[in-house]
Amino acid sequence: MKTKKVFIEIPLVEVPSSHPRRESLVLREKLVNAMIKGIVVPHGLIAHGRGECFDYLLGERTQPFAKKAIEAAAAALILAKNPVISVNGNSAALAAKHIVELAKVVDADIEVNLFYRTYRREQAIAQLLRSFGASKVLGVGEDADAVIPELHSERRRVSSRGILRADVVLVPLEDGDRTQALVNMGKLVIAIDLNPLSRTSMSANITIVDNVVRAIPLLVETARRLIKEDNRYLRSILRNYDNRATLAEAINFIAKRLVNLSKELSSAPRGS
Ligand code: PTJ
């Protein structure tokens, strides 16, 4: 991929502890810092802004439909023969520590897979994951030796030891094309996407409509709990899971929340 070097002056700010939107601003700073380190691309900041908007609509909480999807996702990852967690710039910047933890709990491989792929970014992301204890990171350099059929973006390049042979793939912050291509290859795809209307959300087998910063730690906790259960119970969780119903619940939640908020506003006394 051709690259362009630019000089951008980025003011570094300390988010005040009293700021009412502190958590959200801290996440922005994390992403900007990760961009300075070459982990996140500028396009990733735009993607985050889209996510922020949906997170606002979801009340910035893990809602019951997301908890249900997290339970199904944990069951699928535990039951999988070759589970792989696909990592891009944004998910590494926001959740590297918990991605490594999850990989250990469910015995999954971690693979770097980038839309805007450069060797330098692959290495920076792998290095970050290693700093949190990842012993093996696939998809870096020559290791991305295979290709996903039907795909034209850089996301098509995968490891034959990882995503190519995986039966279950977790894709936090993904694009719709690759999700569909992975599903077409017969893999069970788990997506984490704040937008229940995105093509990724619609194409995945299990969609966790939540922020990766909340969903991945909860996935770790849920996997730790479910790993003690027998396979029959785990398979029954998967059998009873309906992704279309989950997405419908998420959309319904947003719709109802907006109606309720507008009712509250119109019934409040003027000037309040
Ligand atoms: O690191 P790279 O090169 O692989 O590039 C990654 C980006 C994110 C730039 C690339 O995948 C991209 O362009 O993504 P999109 O198509 O903008 O999609 C991002 C989706 O993730 C949107 O549907 C957002 O709502 C959602 N999203 C953004 N931030 C979060 C999120 N979902 C969960 N948690 C978030 N923090």
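From a predicted model like this one, the values you see are computed outputs, not experimental measurements.

Asker: It is not clear to me how the overall build of the protein should be interpreted in this structure. Could you clarify?
Answerer: Assigned secondary structure in the protein consists of ten helices and eight strands. Against the compact-globule benchmark of 19 Å for 272 residues, the protein has a radius of gyration of 19 Å, which places it among compact chains. Overall, the C-alpha framework of the protein stretches about 65 × 55 × 35 Å when taken along its three principal axes. Residues classed as buried in the protein amount to 49% of the 272 residues present. A fraction of 65% describes how many contacts in the protein between residues 6 or more apart in sequence connect residues 24 or more apart. For the protein, the exposed area adds up to about 14500 Å²; of that, 53% sits on carbon and sulfur atoms.

Asker: I'm lost on the packing of helix α3 (residues 64-79) against helix α8 (residues 212-226) in this one. Help?
Answerer: What describes two packed helices is the angle between their axes and the distance between those same axes. Contact pair α3 / α8: the axes reach a minimum separation of 9 Å and the direction vectors enclose 55°. As judged from the angle between their axes, α3 and α8 are oblique. The handedness of the crossing between α3 and α8 is right-handed. Facing α3, whose interface residues are Lys67, Ile70, Glu71, Ala73, Ala74, Ala75, Leu77 and Ile78, α8 presents Ala215, Leu218, Leu219, Thr222, Ala223, Arg225 and Leu226. Residue composition of the contact of α3 with α8, by class: eleven nonpolar, one polar and three charged.

Asker: What am I meant to see in the side chain of Thr246 here?
Answerer: Mapping Thr246 onto the fold places it in helix α10 (residues 243-267). Filtering out sequence-adjacent residues up to four positions away, Thr246 remains in contact with Phe65, Ala69, Thr207 and Tyr241.

Asker: Which parts of the structure should I look at to understand the packing of α3 against α10?
Answerer: One can describe the packing of α3 onto α10 by two numbers: an axis separation of 9 Å at closest approach and a directional angle of 160°. In terms of axis orientation, α3 runs roughly antiparallel to α10. Helix-helix and strand crossings are classified by hand; for α3 and α10 the assignment is left-handed. Of α10, the residues touching α3 (which contributes Phe65, Lys68 and Ala69) are Thr246, Glu249, Ala250 and Phe253. By residue class, the composition of the contact of α3 with α10 is four nonpolar, one polar and two charged.

Asker: Just to check I follow, could you spell out a nonpolar patch on the surface for this structure?
Answerer: A cluster of nonpolar residues, Leu197, Met202 and Ile251, forms a patch on the protein surface that exposes about 280 Å² of accessible area. Tracing the chain through its elements places Leu197 in the loop between β7 (188-192) and α7 (199-203). Residue Leu197 is classed as exposed on the basis of its relative accessible area, which comes to 51%.

Asker: Sorry if this is basic, but what is going on with the pattern of salt bridges here?
Answerer: When the charged atoms of two side chains lie near each other, side chains of opposite charge can form a pair. Enumeration over the complete set of coordinates arrives at 16 salt bridges. In this structure, Arg225 and Glu71 form a salt bridge, with 3.1 Å as the shortest nitrogen-oxygen distance. One end of the pair, Arg225, is in helix α8; the other, Glu71, is in helix α3, and 154 residues separate them in sequence. Using a relative accessible area of 42% as the deciding quantity, one classes Arg225 as partly exposed. Exposure remark for Glu71: the relative accessible area of 24% places this residue in the partly exposed category. The closest approach of N and O atoms between Arg161 and Asp143, which form a salt bridge, is 3.2 Å. Note that Arg161 is positioned in the loop between β5 (157-158) and β6 (168-172) and Asp143 in the loop between β3 (137-138) and β4 (146-147), a separation of 18 residues in sequence. On the basis of relative accessible area, Arg161 is assigned to the partly exposed category, the value being 43%. One network of salt bridges, with partners in common, ties together Asp55, Asp210 and Arg214.

Rules and cut-offs
- Residues numbered from 1 in each chain as written.
- Predicted model: local features only at pLDDT ≥ 70, side-chain atom pairs only at ≥ 80, totals over all residues.
- Heavy atoms only, no water.
- Helix = DSSP H or I, 4+ residues; strand = E, 2+ residues; numbered from the N terminus.
- Rg over C-alpha atoms; globule rule 2.2 N^0.38 Å.
- Buried < 20%, exposed > 50% of the residue type's maximum accessible area, 1.4 Å probe, protein only.
- Contact = heavy atoms within 4.5 Å.
- Areas by Shrake-Rupley, 256 points an atom, 1.4 Å probe, with all protein chains shown as cover.
- Axes fitted to C-alpha atoms, helices over the stretch in contact; angles between N-to-C directions.
- Parallel < 35°, antiparallel > 145°, perpendicular 65-115°, else oblique.
- Left-handed = near helix turned anticlockwise from the far one by under 90°.
- Nonpolar A, V, L, I, M, F, W, Y, C, P; charged D, E, K, R; others polar.
- Patch = residues over 30% accessible without salt bridge, like charges linked within 9 Å, V, L, I, M, F, W, Y side chains within 5 Å.
- Salt bridge = Lys/Arg side-chain N within 4 Å of Asp/Glu carboxyl O.

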